[in-house]
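Secondary and tertiary structure notes
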Amino acid sequence: MKSTKMKSMKAKNMEMDNMKSIKMNNTESMSPSQKQYLRDLDRRRHRIRAVRILIFVLFLLLWETAVRQGWIDGFIFSSPSRVAEAFLRLWADGSILRHTKVTLLETLASFALVVFLGVGCAVLLWYNQALSEILEPYLVILNSLPKSALAPLLIVWLGANLKSIIVSGVSVAIFGTILNLYTGFNEMDPESCKLIYTLQGTKKDVLFKVLLPGTLPLLISIMKVNIGLCLVGVVIGEFIGAREGLGYLIIYSSQVFKLDYLILSIVVLCVIAVLLYGVLSLLEKKCNRMGY
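Bear in mind that the values here come from a model prediction, so they are computed numbers and not experimental data.

**Let's talk about a nonpolar patch on the surface**
A cluster of nonpolar side chains, namely Ile53, Leu54, Phe56, Val57, Leu58 and Leu61, defines an oily patch on the protein surface of about 580 Å² accessible area. Its place among the elements puts leucine 58 in helix α2 (residues 32-68). Residue classification places leucine 58 among the partly exposed positions, given a relative accessible area of 47%.

Written as structure tokens, this is what we have:
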């Protein structure tokens, strides 16, 4: 076992050395104009990142200054320092971690269901053309329906519990996922599908050898949109039927006029959305490197 592990470690180290040598060779083989172009791209990327950070810092400074100088009412608009103090208070008693954990888990659960049900329903519609023609108008109507209108009904039907909140998150994204994936299946290269059938392949072969690998970039793009939609749906559900979560904290804070807590909840939601989107972006880059 040890010798096998040592061999695998040596193989990995050799692979890393080969990759580094390839990169060095590629860099050395570039012309001076190509190297200058790459340096310009790096400088532009750094400038854009610096300007983004600068805009954010200036916004915080302007916000804090406006409150301290009395240009705006700090009780209504809060301030960065007051939000930071609210965060420290809620961190000390563990409230912010508890509410964040609840919302994050509900979002991940609803997102997983959206991916599973969306892919499954899209495949089912692709398999059965008659079923897709029957259901497509209903899917379009349900996708265009404001999902916030469904949340009160879900609370009545399912009760004020975790189930209704997860279903609320699923309802926001599921119909668009089905329609987009089904459209992607139909827009795949028909010549590749014909080749599978010519080689005596079946619909199952077309699905697993052409459609699913070919639509993986589309699926990841849809997932990047859906993770934010699921978060929105979960927060809507928490507005109405929750006793924990950031949506509940927002409603509670607005009712008792603790607007520092309200703005803090919104900031935490933004951080969660950015982190989840970043994870899916890394997954997309990894798939691109693998050639999908």
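**Looking at the side chain of asparagine 226**
Following the sequence through the fold, asparagine 226 ends up in helix α11 (residues 216-241). Among the residues examined, asparagine 226 registers a relative accessible area of 5% and is labelled buried. Setting aside its immediate chain neighbours within four residues, asparagine 226 contacts Phe111, Val114, Ala173 and Thr177.

**Quick notes on the packing of helix α8 (residues 162-186) against α11**
In the contact formed by α8 and α11, the axes pass within 6 Å of each other and the chain directions differ by 155 degrees. It follows from the interaxial angle that α8 and α11 lie roughly antiparallel. Crossing angle aside, the handedness with which α8 passes α11 is right-handed. Side by side, α8 and α11 meet where Ile165, Ser168, Gly169, Val172, Ala173, Thr177, Asn180, Leu181 and Gly184 of the first sit next to Leu218, Leu219, Ile222, Asn226, Leu229, Cys230, Gly233, Val234, Ile236, Gly237, Glu238 and Gly241 of the second.

**Focus on the environment of valine 267**
Within the secondary structure, valine 267 sits in helix α13 (residues 259-289). Residue classification places valine 267 among the partly exposed residues on the basis of a relative accessible area of 38%. Sequence spacing of valine 267 and valine 83 is 184 residues, and the spatial spacing of their C-alpha atoms is 9.2 Å.

**Observations concerning the packing of aromatic side chains**
Tallying each qualifying case throughout the model produces four aromatic pairs. Aromatic pair tryptophan 126 and tyrosine 127: ring centres 5.2 Å apart, planes at 80 degrees, arrangement edge-to-face. Owing to a relative accessible area of 11%, tryptophan 126 belongs among the buried residues under this scheme. A residue is classified by how much of its surface remains accessible, and tyrosine 127, at 35% relative accessible area, is partly exposed. Each ring, one from tyrosine 248 and one from tyrosine 252, has its centre 6.2 Å from the other, and the planes form 20 degrees; the classification is stacked. One end of the pair is tyrosine 248 and the other is tyrosine 252, both in helix α12 (residues 246-255) and four residues apart, which spans about a single turn. The exposure class of tyrosine 248 is partly exposed, given its relative accessible area of 25%. Exposure remark for tyrosine 252: the relative accessible area of 32% places this residue in the partly exposed category.

Reading guide: rules and limits
- Residues numbered from 1 in each chain as written.
- Predicted model: local features only at pLDDT ≥ 70, side-chain atom pairs only at ≥ 80, totals over all residues.
- Heavy atoms only, no water.
- Patch = residues over 30% accessible without salt bridge, like charges linked within 9 Å, V, L, I, M, F, W, Y side chains within 5 Å.
- Areas by Shrake-Rupley, 256 points an atom, 1.4 Å probe, with all protein chains shown as cover.
- Salt bridge = Lys/Arg side-chain N within 4 Å of Asp/Glu carboxyl O.
- Helix = DSSP H or I, 4+ residues; strand = E, 2+ residues; numbered from the N terminus.
- Buried < 20%, exposed > 50% of the residue type's maximum accessible area, 1.4 Å probe, protein only.
- Contact = heavy atoms within 4.5 Å.
- Axes fitted to C-alpha atoms, helices over the stretch in contact; angles between N-to-C directions.
- Parallel < 35°, antiparallel > 145°, perpendicular 65-115°, else oblique.
- Left-handed = near helix turned anticlockwise from the far one by under 90°.
- Phe/Tyr/Trp six-rings, centres within 6.5 Å; stacked < 30°, edge-to-face > 60°.

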